[in-house]
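Observations on the three-dimensional arrangement
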Amino acid sequence: MKKISFIILDSRIGKTIPIPKYATKGSAGLDIRSSLKEEKILLPDENILSPTGIALYIQDSTIAGCILPRSGLGHKYGLVLGNSVGLLDSDYQGELMVSLWNRSKRSFIVFPGMRIAQLVFFPIKRIKLKVVNKFSNVTKRGNKGFGHTGQR
């Protein structure tokens, strides 16, 4: 198992706020928690940038971290990530911050230690772009865009 270095930036991490961990044996993402200093009421359509109290350093350019929303928070309460998905590059060493957006019509309380997102790691394949005048192989889809196959 690959090990990723992290620094605890908030003294509550590991004490009153758990260290990121997998909730179950089959979990794909580590639970990421808010390290806000106090509860924050998020009004409808309001967003905040929540600290997590940790900094990661992946070090390996063939791996990236991806901050994903928690499906239950999004579906039940309308709390989603303000940027849809957060990308954590292998050379970033700053605090992991999570953009939270209340897209519901009701206020929502974010509290210190609350599970707000999940962190998943993915392999990365770097490429080199090559300019061409046309593609050598034309696919059945070609340049047909969004919704080209219909609803069914």
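These remarks concern the structure in this document. (Residues numbered from 1 in each chain as written. Predicted model: local features only at pLDDT ≥ 70, side-chain atom pairs only at ≥ 80, totals over all residues. Heavy atoms only, no water.)

Let's talk about the nonpolar core
Quick note on the threshold: The criterion is simple. A nonpolar core is a set of buried Ala, Val, Leu, Ile, Met, Phe, Trp, Tyr and Cys residues joined through side-chain atoms within 4.5 Å. A 1.4 Å probe rolled over the protein chains alone gives each residue an accessible area, and that area as a share of the maximum for its type sets the label: buried under 20%, exposed over 50%, partly exposed in between. Secondary structure is summarised from DSSP: a helix means a run of H or I of at least four residues, a strand means a run of E of at least two, and numbering begins at the N terminus for each.
Core analysis: the largest hydrophobic core is formed by 25 residues, its most contacted members being Leu-79, Leu-96, Val-98, Leu-100, Val-110 and Leu-119. Of all elements in the fold, only β3 (30-33), β5 (47-57), β6 (63-68), β7 (79-81), β9 (95-102), β10 (108-110) and β11 (115-123) reach the threshold of two or more residues within this core.

Observations regarding the packing of aromatic side chains
Selection rule: Whether two aromatic rings pair depends on their centres lying within 6.5 Å, for rings of Phe, Tyr and Trp, where Trp uses its six-membered ring; planes under 30 degrees apart make the pair stacked, over 60 edge-to-face, and the rest tilted.
All told, the structure shown has one aromatic pair when counted by the stated rule. Taking 5.5 Å as the distance between ring centres and 50° as the angle between the ring planes, the aromatic pair formed by Tyr-77 and Phe-108 counts as tilted. Of the two residues, Tyr-77 sits in helix α1 (residues 71-77) while Phe-108 sits in strand β10, which places them 31 residues apart along the sequence. Given the relative accessible area of 11%, Phe-108 is considered buried.

What about the pattern of salt bridges?
Quick note on the threshold: The term salt bridge refers to a pairing of a side-chain nitrogen on Lys or Arg with a carboxyl oxygen on Asp or Glu at a separation within 4 Å.
As enumerated under the stated definition, the model contains five salt bridges in all. A salt bridge links Asp-60 to Lys-2; the nearest nitrogen and oxygen atoms lie 3.4 Å apart. Taken together, the positions of Asp-60 in the loop between β5 and β6 and Lys-2 in the segment before β1 (5-8) put the pair 58 residues apart, joining distant regions of the chain. By relative accessible area, which is 48% here, Lys-2 ends up partly exposed. For the salt bridge of Arg-115 with Asp-31, the shortest nitrogen-to-oxygen distance reads 3.3 Å. Remark: Asp-31 occurs in strand β3 and Arg-115 occurs in strand β11; sequence separation between them is 84 residues. The exposure class of Asp-31 is buried, given its relative accessible area of 11%. What emerges from the salt-bridge pattern is a single network uniting Asp-10, Arg-12 and Lys-37.

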